[in-house]
Amino acid sequence: MIFKSLKLTEGMATKKFDFSSSVNLIYSEKNSKGKTTLLRFLLYAIGYAIPNTKNIKFEKCITECELECEMGSIKVIRQNDYLEVFQASEKRTYILPHEVDDFHSLLFGTHNKDILNNLLGTFYVDQEKGWTLLNRGTVIGKNHFTIEHLILGLSDRDCSELTKELKSVERELSKFRQMFNVAQYQAEINERKENLVFEEHDEAVQRQLEILKFDAKSISDELKRINNVIDENTSFKNYIEKMKIRVMASNGEEIPVNKNTIVDFQDNVEILVAKRRMITAELSSIKREINKFDKVTSLQETLFKTETLIQSFDKNISAFEIDAATVDRIVTKLEHERTKIKKAITAATKLNNQIVTDIYNTIKKYAVELDLEKNMNLWQDYIFTDDLKSLSGAILHKIVFVFKLAYIKAVQDKLKIHLPIILDSPSGRELDKANIDKMMDILNRDFRKNQIIISSIFTYSLDNMKVFELGDLLIDEYTNYR
Amino acid sequence: MLTIKDDGGEKMSSSNASATLFGWDFQINAAIVLMLDNIQIAEQVRVEGDTEDIEIKLSNGKMLYSQAKSVEKSTDYSHVKDKLKKALTTLSTASENPDCDKLIYVTNSPNPFGDKKSMAAFYGHTRKAFKNLPDTCRTTVENIIDNLPNNTLDTDKFHVHVIPFETDDMKERYKVIKTVVDDFVFSVKPNLSGIGQQAMEIWQKDFFENATLSDTSKTIKKKELIWPLIVLMYDSNVPNNPILEIMDESDLYELTIKYKDLINNKVERFDFSTKIISDYKDYKPTNMKTKTIEFINLHWLDYKDEFDIDGVDPLIQEKVLKIIIDNIIRQKYLISDIKKKVCI
């Protein structure tokens with residue numbers, strides 16, 4: 001897949017970037033000029049859920065991206081949750097995030113969810129978390145990567161039942177661990193045999209305050225819900241208006257389709273605005289009440305010693321009926337169960353799996369080239385390692401790079417496609433120039449058919465490199481980068 | 001910033017603040033009553049306007065100007081004539097405006113002319129045009145305006161409106177206002193009850209806020225008054241809801257509570273509700289009286305694809321979907337009905 005161009009529009013301001021199909025460097029002398037944002041825009045443009053950066057809210061921008069992919073040449077326009085894909089005269093529309101997999105299936109040529117869900121972690125390395133993400137963790141936002149799942153996907157093996165079971169066991173385990181902590185604390189209180197009869201606050205005030213806070217919470221939730229619906233309806237309206245449809249009335253008059261002419265739309269807006277006003281007023285009034293009660297309780301609190309809160313907590317804890325021994329037994333049992341399921345998943349992943357061997361071989365090859373043998377136990381299971389603590393920043397940086405290249409090769413062999421390689425700030429803080437050059441040599445030599453997009457405050461010696469130097473604003477008015 | 005003024009427009013000492021606040025309260029509630037009295041033709045209202053205490057713009061571009069004067073104790077008639085004089089002086093100026101349609105003196109005194117003999121004419125909540133005033137009252141008005149430096153008040157446009165409004169017991173104070181609101185709600189939706197109090201409180205808050213804005217061009221539009229009422233009507237229990245023909249009341253109640261957010265989201269999402277309304281409009285029932293139920297029973301499955309609650313019994317899903325469709329249609333009818341009745 002190759003990003004041919006990306007056009008960004010925010011209100012009246014637009015900017016277009018025409019990318020080279022080989023190497024692209026997004027460069028600025030200083031940080032905070034929008035390099036990371038631009039890379040994230042590329043991912044956002046092809047449907048990924050990407051968190052906003054400090055200065056730009058993605059959902060307020062329209063992206064228009066031309067791509068060369070398995071489907072041929074396509075144009076993808078994204079506006080908030082709507083994604084339109086144009087190919088020749090055909091147009092498809094996807095509602096995000098629900099239909100993102102459908103679009104990615106076409107884009108990457110696979111329906112395998114394990115591959116699709118882990119693909120971003122193979123070809124994109126985020127500035128913040130990417131260079132420490134080796135085989136499991138967060139790629140960016142809510143996009144995660146798990147090596148086991150990628151390998152299962154690449155080898156067409158299915159572990160969805162085991163994965164579901166694992167999640168359920170982990171949820172239970174977390175609850176029982178909390179319960180066990182409470183039980184231990186309870187035992188400690190009982191051992192101290194402290195007097196648990198305390199002076200009490202004005203319980204009526206406390207109760208009233210709790211009720212008010214509960215009400216405030218549910219009203220806030222309702223307000224949030226209504227705001228979301230308003231946003232969604234506005235997006236829908238914008239989407240319709242953007243199409244500039246005109247319809248013909250029976251008298252021949254042409255009527256543009258917009259918020260004023262869509263039947264019932266204004267009513268929908270008015271009723272939601274009224275609801276929001278009413279709820280906001282209700283919330284303000286409850287908050288005023290809460291403030292009043294807060295003042296009363298804080299006055300009361302100053303009359304009691306600070307231990308009172310701890311005592312009250314202890315009193316409540318000691319009132320729980322928890323059998324620590326039973327909870328402990330359940331925790332142990334659940335831990336065993338979790339280990340068993342994990343082993344089953346790993347076994348299903350590893351067992352006689354050529355993909356594991358291929359990934360391992362690629363890692364080994366590049367590890368040798370980047371002088372990493374002594375830092376890695378170069379045996380096959382190392383690709384599943386979770387021991388990253390012993391590695392220094394620079395070493396981990398290089399190992400991550402090597403792993404990513406191995407993932408990319410494995411994905412490409414399976415899907416018969418070329419992925420873009422998007423690296424945000426590959427130089428890192430602790431990496432010297434010699435190492436960077438070696439990394440770039442590998443890209444130059446073995447990934448010539450991949451489009452490479454790098455953002456950095458440094459320049460690199462890569463063949464056919466197109467440089468985009470960013471100024472002060474990522475999106476100026478009517479600016480094109482060609 | 002809120003400027004406290006006495007009835008004559010002069011600054012008051014803080015000791016009189018409670019009397020002033022009482023005056024404000026009356027003015028705000030009087031504005032609600034006047035707005036509802038004129039709801040068909042009113043377009044917007046401003047409390048504490050440029051020239052008068054209450055200014056209502058009508059849909060024909062004309063204006064209704066009102067002076068609101070209150071007394072804290074309804075048995076105290078010592079200042080009522082002064083108040084009347086001050087009100088007529090100001091209204092006389094307003095009368096010069098070419099857009100003036102009506103001039104209303106609104107008060108809570110049962111003896112607005114300081115004349116015990118004419119009191120019987122102002123018993124309870126009364127509205128009187130100049131020509132219907134007792135002779136003595138008409139003479140009082142004429143004498144006052146004759147002595148004004150600019151005698152421009154057109155008595156044909158002059159009305160007196162007495163709204164009982166007294167005591168510190170809020171329930172008692174707002175009794176007449178509440179009745180006016182209840183009557184209005186009944187007039188637009190006869191089969192609904194119990195929302196008058198909420199509507200009154202919302203409007204009191206809105207009118208108070210409006211009165212405190214120093215920018216007098218900030219008005220309350222009729223639609224801003226009516227849409228909260230539509231929300232309250234939609235949320236209140238619906239007697240004889242057609243869906244009860246196909247669903248137990250207990251089921252309806254329980255599912256409406258349990259799936260409240262989901263139901264509201266679907267009803268409020270325009271892309272979903274517009275589909276239902278459009279299909280509903282196109283639907284030709286065998287019997288117009290049972291159109292809604294026929295439509296729900298025959299067409300609920302059409303929307304099933306857009307609606308899937310994970311792990312929930314299909315029968316429950318069906319019921320929730322039917323409730324959503326019913327609510328969308330009910331809301332549509334309600335909005336059309338109210339808009340038509342109040343001309344928005």
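The following paragraphs examine the structure supplied in this document. (Residues numbered from 1 in each chain as written. Chains lettered and ligands numbered in written order. Predicted model: local features only at pLDDT ≥ 70, side-chain atom pairs only at ≥ 80, totals over all residues. Heavy atoms only, no water.)

### Quick notes on the overall build of chain A
Argument step 1. When you go through chain A residue by residue, the secondary structure sums to 12 helices and 16 strands.
Argument step 2. Within chain A, counting contacts between residues at least 6 apart in sequence, those at least 24 apart form 69% of the total.
Argument step 3. In the structure as shown, chain A presents an accessible area of about 25400 Å², 51% of it carried by carbon and sulfur atoms. (Helix = DSSP H or I, 4+ residues; strand = E, 2+ residues; numbered from the N terminus. Contact = heavy atoms within 4.5 Å. Areas by Shrake-Rupley, 256 points an atom, 1.4 Å probe, with all protein chains shown as cover.)

### Things to note about the overall build of chain B
Argument step 1. Assigned secondary structure in chain B consists of 12 helices and 7 strands.
Argument step 2. When the 344 residues of chain B are sorted by exposure, 49% land in the buried category.
Argument step 3. In the form shown here, chain B has an accessible surface area of approximately 17000 Å², with 50% of it arising from carbon and sulfur atoms. (Buried < 20%, exposed > 50% of the residue type's maximum accessible area, 1.4 Å probe, protein only.)

### Section: a nonpolar patch on the surface
All names here are of chain A.
Argument step 1. On the surface, a cluster of nonpolar side chains totalling about 210 Å² of accessible area is made up of M243, I245 and V247.
Argument step 2. Topologically, I245 is positioned in the loop between helix 6 (203–242) and strand 11 (246–248).
Argument step 3. A relative accessible area of 35% places I245 in the partly exposed class. (Patch = residues over 30% accessible without salt bridge, like charges linked within 9 Å, V, L, I, M, F, W, Y side chains within 5 Å. Salt bridge = Lys/Arg side-chain N within 4 Å of Asp/Glu carboxyl O.)

### Digging into empty space enclosed by the protein
Argument step 1. All chains considered together, the criterion is met by 1 cavity of 30 Å³ or more.
Argument step 2. Space inside the largest cavity adds up to approximately 180 Å³.
Argument step 3. Lining the largest cavity are 13 residues; nearest its centre among them are D264(A), S273(B), I277(B), Q331(B) and K332(B).
Argument step 4. Ranked by residue count, the leading element in the lining of the largest cavity is helix 12 (residues 314–342) of chain B, at 5 residues.
Argument step 5. When the residues that make up the lining of the largest cavity are grouped by side-chain class, the tally is 5 nonpolar, 5 polar and 3 charged. (1 Å grid on protein atoms, 1.4 Å probe; cavity = no way out; pocket = protein on both sides within 12 Å on 5 of 7 lines; lining within 4 Å. Points joined across faces, edges and corners; volume = space filled by probe spheres on them. Nonpolar A, V, L, I, M, F, W, Y, C, P; charged D, E, K, R; others polar.)

### Observations regarding the sheet that holds strand 13 (residues 421–424) of chain A
Residue and element names in this part refer to chain A.
Argument step 1. The parallel open sheet is built from 5 strands, whose spatial order is 8-13-14-3-15. Two strands bound the open sheet, and with one partner strand each, they are strand 8 (124–125) and strand 15 (465–469).
Argument step 2. Two strands pair when backbone bridges link them, and strand 3 (residues 23–27) and strand 15 are joined in this way by 5 bridges, in the parallel orientation. Directly across from Y27, in strand 15, lies its bridge partner E469. (Pairing = 2+ DSSP bridges.)

### Looking at helix 6 (residues 196–212) of chain B
The α-helix advances 3.6 residues per turn, and as a result positions three or four apart in sequence lie on the same side.
Argument step 1. The end-to-end C-alpha distance of helix 6 of chain B is 24 Å, a good match for the 24 Å that 17 residues give at a rise of 1.5 Å each.
Argument step 2. Those residues of helix 6 of chain B that sit buried are G196(B), A199(B), M200(B), I202(B), W203(B), Q204(B), D206(B), F207(B), N210(B) and A211(B). (Expected span 1.5 Å × (residues − 1).)

### What to know about the interface of chain B and chain A
Argument step 1. Across the boundary between the two partners, chain B contributes 26 residues, which contact 21 residues of chain A.
Argument step 2. Of the roughly 2100 Å² buried where chain B meets chain A, counting both sides, 56% is carbon and sulfur surface.
Argument step 3. Considering only the side of chain B, the residues that lose the most area to chain A are W227(B), E268(B) and F270(B), jointly responsible for 35% of the buried surface there.
Argument step 4. Summed over the shared surface of chain B and chain A, the result is 8 salt bridges.
Argument step 5. When the shortest N-O distance is used, the salt bridge between R269(B) and E232(A) registers 2.7 Å.
Argument step 6. Counting across the interface, chain B meets chain A through 11 residue pairs in polar contact (both at pLDDT 80 or more). (Buried area = accessible area lost by both parts, 1.4 Å probe. Polar contact = N/O pair within 3.5 Å; in protein donor to acceptor, adjacent residues only side chain to side chain.)

### Observations regarding the environment of D115(B)
Residues and elements named next belong to chain B.
Argument step 1. As for its placement among the helices and strands, D115 is situated in the loop between strand 4 (100–107) and strand 5 (126–129).
Argument step 2. Under the relative-accessibility criterion, D115 is labelled buried at 17%.
Argument step 3. With 21 residues separating them in the primary sequence, D115 and T136 have C-alpha atoms 8.3 Å apart.

### Considerations on helix 2 (residues 80–95) of chain B
Residues and elements named next belong to chain B.
Argument step 1. Taking 1.5 Å of rise per residue, 16 residues should cover 22 Å, and helix 2 covers 22 Å from first to last C-alpha, within 8% of that figure.
Argument step 2. Those residues of helix 2 that sit buried are V80, K83, L84, A87, L88, L91, S92, A94 and S95.
Argument step 3. Check the buried side of helix 2 and you find it contacts strand 3 (63–69), strand 4, helix 3 (135–146) and strand 6 (158–162).

### Focus: the nonpolar core
In a soluble, globular protein the nonpolar side chains are often hidden away together inside.
Residue and element names in this part refer to chain A.
Argument step 1. Ranked by size, the top nonpolar core spans 102 residues in total, and within it F3, F108, F123, I383 and L443 carry the most contacts.
Argument step 2. Element by element, the count of residues in this core is highest for helix 11 (residues 393–415), at 15 residues.
Argument step 3. The residues contacting F108, other than those within four sequence positions of it, are M1, Y48, L116, L119, F123, L415, I417 and L419. (Core = buried A, V, L, I, M, F, W, Y, C linked by side-chain atoms within 4.5 Å.)

### Details of the packing of aromatic side chains
Two aromatic rings are characterised by how far apart their centres lie and by the angle between their planes.
Argument step 1. For the structure shown, the criterion picks out 24 aromatic pairs over all chains.
Argument step 2. Measuring from ring centre to ring centre gives 5.2 Å for Y44(A) and F58(A), while their planes differ by 25°; the resulting arrangement is stacked. Highlighted residues: Y44(A) in helix 1 (residues 35–45) and F58(A) in the loop between helix 1 and strand 4 (62–69), separated in sequence by 14 residues.
Argument step 3. Judged by centre distance (6.1 Å) and plane angle (90°), the ring pair of Y280(B) and Y333(B) falls under edge-to-face. Of the two residues, Y280(B) is situated in helix 10 (residues 270–282) and Y333(B) in helix 12; the sequence distance between them amounts to 53 residues.
Argument step 4. Overall, Y280(B) belongs to the buried group, its relative accessible area being 6%.
Argument step 5. Members of the aromatic cluster, joined through ring pairs, are F22(B), F26(B), F165(B) and Y174(B).
Argument step 6. For R78(A), the ring lying beneath its charged end belongs to Y44(A), and the centroid distance is 3.7 Å. (Phe/Tyr/Trp six-rings, centres within 6.5 Å; stacked < 30°, edge-to-face > 60°. Lys NZ or Arg CZ within 6 Å of the ring centre and 35° of its normal.)

### A word on the pattern of salt bridges
Residues and elements named next belong to chain B.
Argument step 1. Under the criterion given, the structure shown has 40 salt bridges over all chains.
Argument step 2. Residue D337 is joined to K189 by a salt bridge in which the shortest nitrogen-to-oxygen separation is 3.3 Å. Here D337, found in helix 12, pairs with K189, found in the loop between helix 5 (175–188) and helix 6; they are 148 residues apart in sequence, far enough to count as distant.

### Some words on the sheet that holds strand 7 (residues 220–221) of chain B
The strands that make up a sheet pair up through hydrogen bonds in the backbone, lying either parallel or antiparallel.
Residues and elements named next belong to chain B.
Argument step 1. Taken together, the 7 strands give an open sheet; going across it, the order is 5-6-4-3-2-1-7, and neighbouring strands pair in mixed fashion. Across the chains shown, the open sheet's two edge strands, defined by having one partner strand only, are strand 5 and strand 7.
Argument step 2. Note that strand 3 and strand 4 share 7 bridges and pair parallel. Residue pairing in the sheet places Q67 in a bridge with Y105 of strand 4.

### Some remarks on the packing of helix 10 (residues 354–369) of chain A against helix 11 of chain A
All names here are of chain A.
Argument step 1. In the contact formed by helix 10 and helix 11, the axes pass within 9 Å of each other and the chain directions differ by 140°. In terms of orientation, helix 10 lies oblique with respect to helix 11. In the crossing of helix 10 with helix 11, the sense of the turn from one axis to the other is right-handed. The residues of helix 11 that touch helix 10, namely those facing I359, T362, I363, Y366 and A367, are V402, F403, L405, A406, Y407, K409 and A410.
Argument step 2. Across the contact of helix 10 with helix 11, the residue classes tally to 10 nonpolar, 1 polar and 1 charged. (Axes fitted to C-alpha atoms, helices over the stretch in contact; angles between N-to-C directions. Parallel < 35°, antiparallel > 145°, perpendicular 65-115°, else oblique. Left-handed = near helix turned anticlockwise from the far one by under 90°.)

### Description of the packing of helix 2 (residues 100–108) of chain A against helix 3 (residues 113–123) of chain A
Residues and elements named next belong to chain A.
Argument step 1. Put simply, helix 2 and helix 3 touch, their axes get as near as 10 Å, and they point 70° apart. Taken as axis vectors, helix 2 and helix 3 run roughly perpendicular relative to one another. Here D101, H104, S105 and F108 of helix 2 come into contact with helix 3, specifically with K113, L116, N117, L119 and F123.
Argument step 2. Taken together, the residues that form the contact of helix 2 with helix 3 break down as 4 nonpolar, 3 polar and 2 charged.

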